[in-house]
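So you can see what is in the structure, the chains are spelled out below.
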Amino acid sequence: MPGTNPRELGLLSDCESCFGLCCVALPFSASADFAADKDAGQPCHHLGEDFRCSVHEQLRRRGYPGCTVYDCFGAGQKVSQVTYGGRSWREEPGTAGQMFAVFPVVRQLHELLWYLAQALDLEAAEPIHAEVREAVAETERLTRESADVLEKLDVAAHRDGVRGLLVRASELARAGHKGRDRRGADLIGARLRGADLRAADLRGAYLIGADLRDADLRRADLIGADLRGADLSGADLTGAIFLTQLQVNSAKGDATTRLPDLLTRPGHWPAAPTGPAPRAAGRAAPGARGSAGRRRR
């Protein structure tokens with residue numbers, strides 16, 4: 001049985017042990033997130049021979065904020081060091097195509113492991129912990145399959161089998177709390193400053209550009225919630241369920257934002273609080289919506 005927390009499962013990205021897979025395998029288009037187009041399988045022109053980014057400290061200034069947001073859940077080092085045993089696509093060019101195809105598969109499996117590990121950390125979900133441990137073991141086993149198996153793996157089918165467990169874990173953890181049901185809600189640009197969103201069901205909610213300053217998101221289920229550009233300054237996300245580093249990276253926050261222990265404060269967040277002091281009263285209704293752009297999915 002493998003370890004059952006994100007660190008033991010290798011779900012924290014270690015770029016030093018990776019062959020720059022996210023900088024090669026994935027495509028991106030010129031946009032607000034990327035300064036140029038790049039096809040899948042084509043190395044970014046900023047990727048050095050040592051697999052390091054030559055402009056890492058200047059990515060946002062040079063027009064690549066998308067790179068500072070991305071998180072592979074440790075899939076990069078798993079594929080580089082386990083699946084391919086430390087043999088890089090540069091050393092063995094014949095492996096490149098398959099390696100780049102396997103990388104997103106392992107990333108999806110690692111993301112599932114992240115959620116399952118969090119489910120095991122929820123004391124209230126103890127009645128299903130045995131089932132969750134079995135899912136962890138099976139998912140981790142799949143990540144160690146050969147490249148040939150991984151390339152053809154039906155990740156969607158495996159994810160469907162895990163989804164029910166995650167829903168049950170969330171329901172058990174939030175039971176007894178009168179959290180709002182905003183699952184899949186269109187809250188783009190919503191004015192939610194100071195909102196009480198404790199134990200809310202925000203699965204798949206669109207919170208792009210939402211004002212969540214000083215909001216209470218403890219025990220809120222945020223799996224799949226889109227937090228791009230959401231302002232989390234002063235918000236309390238301690239104990240938030242299924243929150244990921246990628247979601248945090250894509251949002252805005254500051255030194256007063258409270259995060260779960262395993263997540264790190266993004267380097268592009270300001271070190272000091274932003275904006276005026278928190279208001280003493282007045283909470284916007286979670287259904288309120290600002291004038292930001294419409295849903296993009």
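Residues numbered from 1 in each chain as written. Predicted model: local features only at pLDDT ≥ 70, side-chain atom pairs only at ≥ 80, totals over all residues. Heavy atoms only, no water.

Novice: Got a minute to help me understand the overall build of the chain in this structure?
Specialist: Per the secondary structure count, the chain includes seven helices and zero strands. The N-to-C order of helical and strand elements in the chain reads α-α-α-α-α-α-α. For 297 residues, the compact-globule estimate of 2.2 N^0.38 gives 19 Å, and the chain sits close to it at 20 Å. Referenced to the eigenvectors of the C-alpha coordinate spread, the extents of the chain come out at roughly 60 × 50 × 30 Å. A buried classification covers 47% of the 297 residues belonging to the chain. (Helix = DSSP H or I, 4+ residues; strand = E, 2+ residues; numbered from the N terminus. Rg over C-alpha atoms; globule rule 2.2 N^0.38 Å. Buried < 20%, exposed > 50% of the residue type's maximum accessible area, 1.4 Å probe, protein only.)

Novice: Hey, could you run me through helix 3 (residues 96-120) in this one?
Specialist: Because an α-helix packs 3.6 residues into every turn, residues spaced three or four apart end up facing the same way. The end-to-end C-alpha distance of helix 3 is 36 Å, a good match for the 36 Å that 25 residues give at a rise of 1.5 Å each. Burial runs high along helix 3: 19 of the 25 residues are buried. (Expected span 1.5 Å × (residues − 1).)

Novice: How do you make sense of the packing of helix 3 against helix 6 (residues 155-174) when you look at a structure like this?
Specialist: Helix-helix packing: each pair is described by the crossing angle between the helix axes and the interaxial distance. For the pair helix 3 and helix 6, interaxial distance at closest approach is 10 Å and the crossing angle is 15°. Of the possible angle classes, the one that applies to helix 3 and helix 6 is roughly parallel. In this structure, the crossing between helix 3 and helix 6 has a hand that is left-handed. Counting all contacts with helix 3, which are made through Val105, Gln108, Leu109, Leu112, Tyr115, Leu116 and Ala119, the residues of helix 6 involved are Val155, His158, Arg159, Val162, Leu166 and Ala169. Classifying every residue of the contact of helix 3 with helix 6 gives 10 nonpolar, two polar and one charged. (Axes fitted to C-alpha atoms, helices over the stretch in contact; angles between N-to-C directions. Parallel < 35°, antiparallel > 145°, perpendicular 65-115°, else oblique. Left-handed = near helix turned anticlockwise from the far one by under 90°. Contact = heavy atoms within 4.5 Å. Nonpolar A, V, L, I, M, F, W, Y, C, P; charged D, E, K, R; others polar.)

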